[in-house]
Amino acid sequence: MKTFKLVSLDIVEEKNDDLTQRRIKLSDGLIINREDDKGRWVVEAYVDRSYEEYFQTIQDNEEELMIQVKITKKSNRPATFLVKVIDNNIIGDYMNVIFMGNIVDRRRENIEKVLKMLMDEGFQGDELLEEFKRRGEEQKG
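Analysis parameters
- Residues numbered from 1 in each chain as written.
- Predicted model: local features only at pLDDT ≥ 70, side-chain atom pairs only at ≥ 80, totals over all residues.
- Heavy atoms only, no water.
- Helix = DSSP H or I, 4+ residues; strand = E, 2+ residues; numbered from the N terminus.
- Rg over C-alpha atoms; globule rule 2.2 N^0.38 Å.
- Buried < 20%, exposed > 50% of the residue type's maximum accessible area, 1.4 Å probe, protein only.
- Contact = heavy atoms within 4.5 Å.
- Salt bridge = Lys/Arg side-chain N within 4 Å of Asp/Glu carboxyl O.
- Polar contact = N/O pair within 3.5 Å; in protein donor to acceptor, adjacent residues only side chain to side chain.
- Phe/Tyr/Trp six-rings, centres within 6.5 Å; stacked < 30°, edge-to-face > 60°.
- Lys NZ or Arg CZ within 6 Å of the ring centre and 35° of its normal.
- Pairing = 2+ DSSP bridges.

Undergrad: Just checking my understanding: could you explain the overall build of the protein for this structure?
TA: Within the protein, the secondary structure is distributed over three helices and seven strands. Taken from the N to the C terminus, the helices and strands of the protein come in the order β-β-β-β-α-β-β-β-α-α. Against the 2.2 N^0.38 benchmark of 14 Å for 141 residues, the protein shows a C-alpha radius of gyration of 15 Å, consistent with a compact globule. Considering only C-alpha atoms, the protein reaches an extent of 45 × 30 × 30 Å along its principal axes. Buried residues in the protein amount to 40% of all 141 residues. Within the protein, contacts between residues separated by at least 24 positions form 53% of all contacts whose residues are at least 6 apart in sequence.

Undergrad: Got a minute to help me understand the pattern of salt bridges in this structure?
TA: Should the charged atoms of two oppositely charged side chains come close, the side chains can pair. Taken as a whole and judged by the stated rule, the model has seven salt bridges. Salt-bridge contacts for R22 lead to E13; the nearest nitrogen and oxygen are separated by 3.1 Å. What makes R22 partly exposed here is its relative accessible area of 30%. Across the salt bridge formed by R40 and D36, the nearest N and O atoms sit 2.9 Å from each other. For R40, a relative accessible area of 23% puts it in the partly exposed group. Through salt bridges with shared partners, one network takes in R34, D36 and R40.

Undergrad: Could you clarify how one ought to interpret the side chain of N33 in this entry?
TA: With respect to the helices and strands, the residue N33 is situated in strand β3 (residues 26-33). Within the local environment of N33, its side chain forms a polar contact with the backbone nitrogen of E35, the two atoms lying 2.9 Å apart. In this view, N33 contacts M1, K2, R40 and W41; residues no more than four positions away in its chain are not counted.

Undergrad: Mind showing me how you'd approach the packing of aromatic side chains here?
TA: Two descriptors summarise a pair of aromatic rings, namely the distance from one centre to the other and the angle between the planes of the rings. Inspection of the entire model under this criterion finds six aromatic pairs. Taking the centre distance of 6.0 Å and the plane angle of 50 degrees together, the rings of Y51 and F55 count as tilted. Residues Y51 and F55 agree in their burial class; the two are buried. For the ring pair Y54 and F55, a centre distance of 5.0 Å and an interplane angle of 70 degrees mean the geometry is edge-to-face. Considered together, Y54 and F55 belong to a single accessibility category, that of buried residues. Among the aromatic residues, those joined into a ring-pair cluster are Y51, Y54, F55 and F99. A cation sits over an aromatic face here: R22 above Y54, 4.1 Å from the ring centre.

Undergrad: Would you mind going over the pairing of strand β7 (residues 94-104) with me for this structure?
TA: Sheet faces and side chains relate simply in a regular strand, where the side chains alternate between the two faces. Taken across its eleven residues, β7 has eight buried, putting it largely inside the fold. Bridge count between strand β4 (residues 40-48) and β7: nine bridges; the pairing is antiparallel. Bridging across to β7, V47 finds its partner in M95. Bridge count between strand β6 (residues 79-91) and β7: eleven bridges; the pairing is antiparallel. Within the sheet, the bridge partner assigned to F81 lies in β7 and is I103. What sits between β6 and β7 in their antiparallel hairpin is a turn of two residues, with G92 showing a positive phi close to 65 degrees.

Okay, structure coming up:
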């Protein structure tokens, strides 16, 4: 396993047929490449407790999220991941949110282009995510 410092976290959301990014203000964080057979990564974000309801709802609904993170230093290119919130813990006025998922090995512009195309084709919600993943697998194989 390899561990890196997490320096920024954005959640990619769909609003009014547009992709937007919700910047999550980090107090601290880390990201771990598990180097397991499924290629999974763990992202731990230490954030203000004001995010509790937001992340609890995502966890309760078992939503899959697209996140963009910067690792080690802010000048690095963002890496994109498809993740789920697997745990969160209250720590005084703060909380940690633990995500697990896989890195998306495409550039941001390509991801946004594919998502926009899928939305234009009428996909939304879980169907949008499933179709995005299905087409991503087709490109790999």
